[in-house]
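Tertiary structure, described
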Amino acid sequence: MSQDAKKRRVADAAFEIIRNKLDANTPIGIGTGSTANCFIDVLAASQVELLGAVASSEATAERLRSHGIEVLELNSTGPLPVYVDGADEADPRLNLIKGGGAALTREKIIAEASREFICIADDSKRVDVLGAFPLPVEVIPMARSVVGRALLELGGDPEYRQDCTTDNGNIILDVYGLSIVDPKGLEAAINQIPGVVTCGLFARRPADTLLLSTDTDILELSRD
Ligand code: 5RP
């Protein structure tokens, strides 16, 4: 089965899990990327009633609006019952690397604001140890060199992502060469470097459920 077909199937599965929780008074959070886009398309096609969605990026907001789904402000909705988003890597504890699409900061904010985080992905994203995918770090532009040197000291090999400005007006450093055996510790260490907005490690607030699409099945994994 193609990767695109797997993404569509896992988006369907996520919708089936949450459809009973949705109604005209219920907002949800929606992430960014090709898998999240599949979920938006499923949601729109279902014509299920919902209050609207908080979007983790301008691209997601645009796609939601193009389907006639209202885009809501997180400051107005309060806590969200559920957040659905993809990932670049997921480990067995459902710690994630995210930010391949440069939306990591808003994604992390929405994940934090949500009671349930359902991560949807194809099985290529499943790893034993995070770090083969370069870890995205959103950085205030003037801090690029200072943060780069600090990341080198932490054992990584940071690379400036060319032609990328985040929705928040910042830059991304992609950190290669990490084998992330302590995701929570590394997340905290990177996030306290002055100039870092946030890193793409989701360990302080991991996913609650990981839906993984394989060639034959949808696996539903919970944190052990
Ligand atoms: C965007 C993200 C995405 O969730 C991640 O990059 C996965 O994207 P895709 O579903 O296209 O593989 O973190 O910042």
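Residues numbered from 1 in each chain as written. Predicted model: local features only at pLDDT ≥ 70, side-chain atom pairs only at ≥ 80, totals over all residues. Heavy atoms only, no water.

**Some thoughts on the environment of Ala-132**
Position of Ala-132 relative to the elements: it lies in the loop between strand S6 (114-122) and strand S7 (135-139). Residues Ala-132 and Ile-97, spaced 35 residues apart in sequence, show a C-alpha to C-alpha distance of 9.8 Å. (Helix = DSSP H or I, 4+ residues; strand = E, 2+ residues; numbered from the N terminus.)

**Re the packing of helix H1 (residues 3-18) against helix H2 (residues 34-46)**
Here H1 crosses H2 at 55°, and the two axes come no closer than 8 Å. In terms of axis orientation, H1 runs oblique to H2. In the crossing of H1 with H2, the sense of the turn from one axis to the other is right-handed. Here H1 contributes Lys-7, Arg-8, Val-10, Ala-11, Asp-12, Ala-14, Phe-15 and Ile-18 to the contact with H2, which in turn contributes Ser-34, Thr-35, Cys-38, Phe-39, Val-42, Leu-43 and Ser-46. (Axes fitted to C-alpha atoms, helices over the stretch in contact; angles between N-to-C directions. Parallel < 35°, antiparallel > 145°, perpendicular 65-115°, else oblique. Left-handed = near helix turned anticlockwise from the far one by under 90°. Contact = heavy atoms within 4.5 Å.)

**Quick notes on the pairing of strand S1 (residues 27-30)**
Along S1, one buried face is formed by Pro-27 and Gly-29 and the opposite face, lined by Ile-28 and Ile-30, is buried too. As judged from the 4 bridges shared by S1 and strand S2 (residues 52-55), these two strands associate in the parallel manner. Its bridge partner being in S2, Gly-29 is matched across the sheet by Val-54. This β-α-β element, S1 to H2 to S2, shows right-handed connectivity. (Buried < 20%, exposed > 50% of the residue type's maximum accessible area, 1.4 Å probe, protein only. Pairing = 2+ DSSP bridges. Right-handed = clockwise from strand over helix to strand, strands pointing away.)

**With respect to the domain arrangement of the protein**
Under the domain assignment, the protein is made up of domain 1 (3-127 + 204-222) and domain 2 (135-199). Between domain 1 and domain 2, the C-alpha centre-to-centre distance is 24 Å. Each partner contributes residues to the interface: domain 1 has 15 residues there, and domain 2 has 18 residues. Of the roughly 1200 Å² buried between domain 1 and domain 2, counting both surfaces, carbon and sulfur atoms make up 55%. On the domain 1 side of the contact with domain 2, Leu-104, Thr-105 and Lys-108 bury the most area, a combined 38% of that side's loss. Connecting domain 1 to domain 2 are 1 salt bridge. (Domains from an automatic or database assignment. Buried area = accessible area lost by both parts, 1.4 Å probe. Salt bridge = Lys/Arg side-chain N within 4 Å of Asp/Glu carboxyl O.)

**As for the site of the ligand**
Around the ligand, a shell composed of 17 residues is seen, among which Ser-34, Thr-35, Asp-88, Gly-99 and Lys-125 lie nearest. Between Thr-35 and the ligand, the recorded distance is 2.5 Å, taken from a side-chain N or O atom to an oxygen atom. A distance of 3.2 Å separates an oxygen atom of the ligand from a polar atom in the backbone of Ala-103. Relative to its unbound accessible area of 380 Å², the ligand is 91% covered by the protein chains. When the residues that make up the shell around the ligand are grouped by side-chain class, the tally is 3 nonpolar, 8 polar and 6 charged. (Near = heavy atom within 4 Å. Polar contact = N/O pair within 3.5 Å; in protein donor to acceptor, adjacent residues only side chain to side chain. Areas by Shrake-Rupley, 256 points an atom, 1.4 Å probe, with all protein chains shown as cover. Nonpolar A, V, L, I, M, F, W, Y, C, P; charged D, E, K, R; others polar.)

**Describing the packing of aromatic side chains**
Scanning all chains against the criterion turns up 2 aromatic pairs. When the centroid spacing of 5.0 Å and the interplanar angle of 40° are considered together, the rings of Tyr-83 and Phe-117 count as tilted. You can see Tyr-83 sitting in strand S3 (residues 80-85) and its partner Phe-117 sitting in strand S6, a full 34 residues away along the chain. Note on Tyr-83: relative accessible area 0%, which makes it buried. For Phe-117, a relative accessible area of 0% puts it in the buried group. One aromatic cluster in this structure is built from Tyr-83, Phe-117 and Phe-202. Geometry around Phe-202 places Lys-108 over its ring, the cationic atom sitting 5.3 Å from the centre. The ring of Tyr-160 carries the charged tip of Arg-144 above its face, separated from the ring centre by 4.6 Å. (Phe/Tyr/Trp six-rings, centres within 6.5 Å; stacked < 30°, edge-to-face > 60°. Lys NZ or Arg CZ within 6 Å of the ring centre and 35° of its normal.)

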